Amino acid sequence: MTGGRFIGFGGLLLALSCGFAVPSLAQAPDLCSGQPAAMQKSCREALELLVQGGRQEPEPARRILATGTPEGWRYDYLQPGGVGSDDECVVSGALVLPADTAVRLSVTASDIIRPWRLPQFDLDLTGIPGRIEDKIIKLPPGDIGDLAAAPAGDEKPVAVRVLPPDAYAEWEGQTLPPSCFASG
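Residues numbered from 1 in each chain as written. Predicted model: local features only at pLDDT ≥ 70, side-chain atom pairs only at ≥ 80, totals over all residues. Heavy atoms only, no water.

A. The arrangement of unusual backbone geometry in detail. Although it is not a glycine, Asp100 sits at a positive phi angle of roughly 50 degrees. Tracing the chain through its elements places Asp100 in the loop between strand S4 (95–98) and strand S5 (103–109). The backbone of Asp122 shows a phi angle near 55 degrees, a positive value even though the residue is not glycine. Take Asp122: it is sitting in the loop between strand S6 (114–118) and strand S7 (123–127). (Helix = DSSP H or I, 4+ residues; strand = E, 2+ residues; numbered from the N terminus.)

B. Seen up close, the packing of aromatic side chains. Enumeration over the complete set of coordinates arrives at two aromatic pairs. Taken together, a centroid distance of 5.3 Å and an interplanar angle of 55 degrees make the contact between Tyr77 and Trp171 tilted. You can see Tyr77 sitting in strand S2 (residues 72–78) and its partner Trp171 sitting in helix H4 (residues 165–175), a full 94 residues away along the chain. You'll find Tyr77 and Trp171 in the same group, each marked buried. Plain terms: the ring middles of Tyr168 and Trp171 are 5.6 Å apart, the flat faces sit at 35 degrees to each other, and that makes the pair tilted. In this pair, Tyr168 and Trp171 both sit in helix H4, three residues apart, roughly one turn of the helix. Taken individually, Tyr168 and Trp171 each receive the classification buried, so the pair is uniform in this respect. (Phe/Tyr/Trp six-rings, centres within 6.5 Å; stacked < 30°, edge-to-face > 60°. Buried < 20%, exposed > 50% of the residue type's maximum accessible area, 1.4 Å probe, protein only.)

C. Looking closely at the sheet that holds strand S9 (residues 142–145). One open sheet accounts for three strands, arranged S4-S10-S9; its pairing is mixed. With one partner strand each, in any of the chains shown, S4 and S9 form the two edges of the open sheet. Each strand axis lies, on average, 20 degrees off the axis of its neighbour in the sheet, ignoring direction. By the bridge criterion, four bridges tie S9 to strand S10 (residues 159–163) in an arrangement that is antiparallel. Each residue of the ladder has a partner; that of Gly142, found in S10, is Val162. (Pairing = 2+ DSSP bridges. Axes fitted to C-alpha atoms, helices over the stretch in contact; angles between N-to-C directions.)

D. Layout of the pattern of salt bridges. Using the criterion set out here, one finds five salt bridges in the structure. For the salt bridge of Asp111 with Arg114, the shortest nitrogen-to-oxygen distance reads 2.7 Å. Given a relative accessible area of 33%, Asp111 falls into the partly exposed group. As a salt-bridge pair, Asp124 and Arg117 come within 3.5 Å of each other at their nearest N and O atoms. Taking the relative accessible area as the measure of exposure, Asp124 reaches 46% and is therefore partly exposed. (Salt bridge = Lys/Arg side-chain N within 4 Å of Asp/Glu carboxyl O.)

E. Region of the structure containing the environment of Ile112. Along the chain, Ile112 turns up in the loop between S5 and S6. Residues Ile112 and Gly127, spaced 15 residues apart in sequence, show a C-alpha to C-alpha distance of 8.0 Å.

F. Layout of the nonpolar core. Of all hydrophobic cores here, the largest spans 30 residues; its most connected members are Tyr75, Tyr77, Leu95, Leu105, Trp116, Leu139 and Val160. Listing elements by their share of this core, those giving two or more residues are strand S1 (62–69), S2, S4, S5, S6, S7, S10 and H4. Per element, the largest residue contribution to this core is four residues, and it comes from S2. Setting aside residues up to four positions removed in sequence, Tyr75 forms contacts with Ile64, Leu65, Ala66, Cys89, Val90, Val91, Gly93, Ala94, Leu95, Trp116, Val158 and Ala159. (Core = buried A, V, L, I, M, F, W, Y, C linked by side-chain atoms within 4.5 Å. Contact = heavy atoms within 4.5 Å.)

Following this line, the structure appears as structure tokens:
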């Protein structure tokens, strides 16, 4: 380091990967101006990619906890701040989702390790008692999986109904009480 600046493009990447925060690209010219002229363009492009990669997606409006049980999968429909009791917000059987909408799916199990799989969408989560595995999913409309399928061993079949937003809102209104989605 000379004069408080890293020398070379590798130094910039090292500084960023070691936790030096760059809140916006507005600061990029200051970080890259100390680089040799031939490297400044590459420095700014790399910095832009690093800053973009650090952006967090907003939390989905819907959160669903899938719990593997000896009887099959149960789904707790909750929104952050929802105040419904467990029994009011639980649906067994098929998971019902709004189409083309980001949903946080959390998977756990009540007794033994249970896989939650939708191979056609490259979704393979593991329900482990006492742990939660999270994934944000977004699926197209249609019926996925098969409750009639007979997976091997203790694996429970996964079935998902993905409804257009209007049909999902109607299903939600008929199936779940408003307390599951009330603000806290």
